[in-house]
Amino acid sequence: MQLALTLVVVMQVVDLHVPRSEPFGVDIHGVNFSLRAGEVLGIAGVSGNGQRELLAALSGEDCRAPAQAMVLDGQAVGNWSPAARRALGLHFVPDERLGRGAVPGMDLAHNLLLTRQEAVGRWGWIHLRALRAQAQAVIERYRVKASGPQALAQSLSGGNLQKFIVGREIDAQPRVLLLSQPTWGVDVGAAAHIRAAILGLREAGCAVLVVSEELDELFALCDGLHV
């Protein structure tokens with residue numbers, strides 16, 4: 001079954017060109033690769049050589065690329081918003097935990113709403129009991145050391161907040177997961193737990209893209225590498 005899954009291309013990037021959006025940014029020139037279900041693909045390189053710009057284009061944070069530059073499940077999504085890409089099953093874990101991955105002054109339950117909408121009702125009402133139960137499930141499954149769903153994101157250690165953010169996205173059962181520096185700045189135990197969760201997601205048939213500056217991490221996780 002695993003062999004069959006790896007043959008299915010879920011996301012394809014075709015001649016991706018994106019000019020820098022700030023003076024000290026990096027232009028993206030002619031990037032091409034395919035990402036298959038049941039595969040962890042790694043992007044290696046020295047920091048500051050376009051990794052952040054690439055992930056912004058892939059996640060939809062930067063949607064200036066032509067639609068055809070990124071194909072997700074057969075649909076040209078290169079100029080789609082992050083929310084539209086999430087609707088097709090693409091989720092993203094950024095390298096910056098506080099500020100991009102989580103809102104520091106919001107509790108863990110409400111931080112789920114950044115990328116998850118299961119607890120939002122038809123007319124936009126938030127079902128708080130369901131939201132807190134969902135956050136508690138992530139806390140327990142990913143062994144996040146927190147006082148509970150009401151704990152503020154800024155009150156957690158870096159490793160525990162990272163486990164919560166990664167858990168939030170994995171718990172969504174994505175078709176494609178993009179991760180940037182997934183274990184940067186976390187302790188050995190948290191890093192091992194996060195890597196195990198990534199490999200478990202791969203075994204479930206998800207297509208995973210990992211950007212990391214740690215070669216040992218990429219060698220341990222990835223089925224293939226681009227530099």
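Use the structure listed above.
Let me begin by describing the structure that accompanies this report. (Residues numbered from 1 in each chain as written. Predicted model: local features only at pLDDT ≥ 70, side-chain atom pairs only at ≥ 80, totals over all residues. Heavy atoms only, no water.)

Below, the discussion takes up the nonpolar core. Formed by 35 residues in total, the largest nonpolar core has its most connected members in Leu108, Leu179 and Val208. For this core, the leading source of residues is helix H6 (residues 158–170), giving 5 residues. With 28 residues, the next largest nonpolar core counts Val13, Leu58, Ala65 and Met70 among its residues. (Core = buried A, V, L, I, M, F, W, Y, C linked by side-chain atoms within 4.5 Å. Buried < 20%, exposed > 50% of the residue type's maximum accessible area, 1.4 Å probe, protein only. Helix = DSSP H or I, 4+ residues; strand = E, 2+ residues; numbered from the N terminus.)

One number sums up the size of the largest pocket: a volume of about 440 Å³. Among the elements that make up the lining of the largest pocket, the one with the highest residue count is helix H2 (residues 51–59) (4 residues). Of the residues assigned to the lining of the largest pocket, the class counts are 8 nonpolar, 7 polar and 8 charged. Around the second largest pocket sit 17 residues that line it, and Val31, Ile43, Asn49, Leu54 and Val227 are the ones nearest its centre. Of the residues forming the lining of the second largest pocket, the biggest block, 6 residues, is contributed by strand E2 (residues 28–36). Here the residues of the lining of the second largest pocket sort into 8 nonpolar, 8 polar and 1 charged. (1 Å grid on protein atoms, 1.4 Å probe; cavity = no way out; pocket = protein on both sides within 12 Å on 5 of 7 lines; lining within 4 Å. Points joined across faces, edges and corners; volume = space filled by probe spheres on them. Nonpolar A, V, L, I, M, F, W, Y, C, P; charged D, E, K, R; others polar.)

Topologically, Gln181 is positioned in the loop between strand E7 (176–180) and helix H7 (188–203). Overall, Gln181 belongs to the buried group, its relative accessible area being 12%. One polar contact links the side chain of Gln181 to the main-chain amide nitrogen of Glu213, over a distance of 3.2 Å. For Gln181, the contacting residues outside a window of four places in its chain are Asp95, Gln162, Val211, Ser212 and Glu213. (Polar contact = N/O pair within 3.5 Å; in protein donor to acceptor, adjacent residues only side chain to side chain. Contact = heavy atoms within 4.5 Å.)

To continue, consider the pattern of salt bridges. All chains considered together, the criterion is met by 14 salt bridges. Put simply, Arg116 and Glu118 hold a salt bridge, and the shortest N to O gap is 2.9 Å. Given the relative accessible area of 5%, Arg116 is considered buried. On the accessibility criterion, Glu118 (52% relative accessible area) is exposed. Three or more residues are tied together by salt bridges with common partners; here these are Arg52, Glu61, Asp95 and Arg100. (Salt bridge = Lys/Arg side-chain N within 4 Å of Asp/Glu carboxyl O.)

Spanning 16 residues, H7 covers 23 Å between terminal C-alpha atoms, matching the ideal 22 Å at 1.5 Å per step. Taken residue by residue, H7 has Ala190, Ala191, His193, Ile194, Ala197, Ile198, Leu201 and Arg202 as its buried positions. Capping of H7 at its N-terminal end is provided by Asp187; its side-chain oxygen lies 3.1 Å from the backbone amide nitrogen of Gly189. Taken from the residues just after H7, Gly205 is the one with a positive phi, measuring 100°. (Expected span 1.5 Å × (residues − 1).)

In this section: helix H5 (residues 128–141). In an α-helix, one turn spans 3.6 residues; hence positions three or four apart end up facing the same way. Here H5 spans 20 Å end to end across 14 residues, near enough to the 20 Å set by a 1.5 Å rise per residue. Those residues of H5 that fall on the buried side of the exposure criterion are Leu131, Gln134, Ala135, Val138 and Ile139. All buried residues of H5 fall inside an arc of 140° around its axis, so they share one side. Those residues of H5 that are exposed and aimed more than 90 degrees away from the buried face are Arg129, Glu140 and Arg141. (Arc of directions from axis to C-beta.)

On to the environment of Trp184, then. As for its position among the elements, Trp184 is in the loop between E7 and H7. Relative accessible area serves as the criterion here: at 54%, Trp184 is assigned to the exposed category.

Here H6 crosses H7 at 10°, and the two axes come no closer than 10 Å. By the angle between their directions, the pair H6 and H7 is classed as roughly parallel. Counting all contacts with H6, which are made through Gly159, Gln162, Lys163, Val166 and Ile170, the residues of H7 involved are Ala190, His193, Ile194, Ala197, Ile198 and Leu201. (Axes fitted to C-alpha atoms, helices over the stretch in contact; angles between N-to-C directions. Parallel < 35°, antiparallel > 145°, perpendicular 65-115°, else oblique.)

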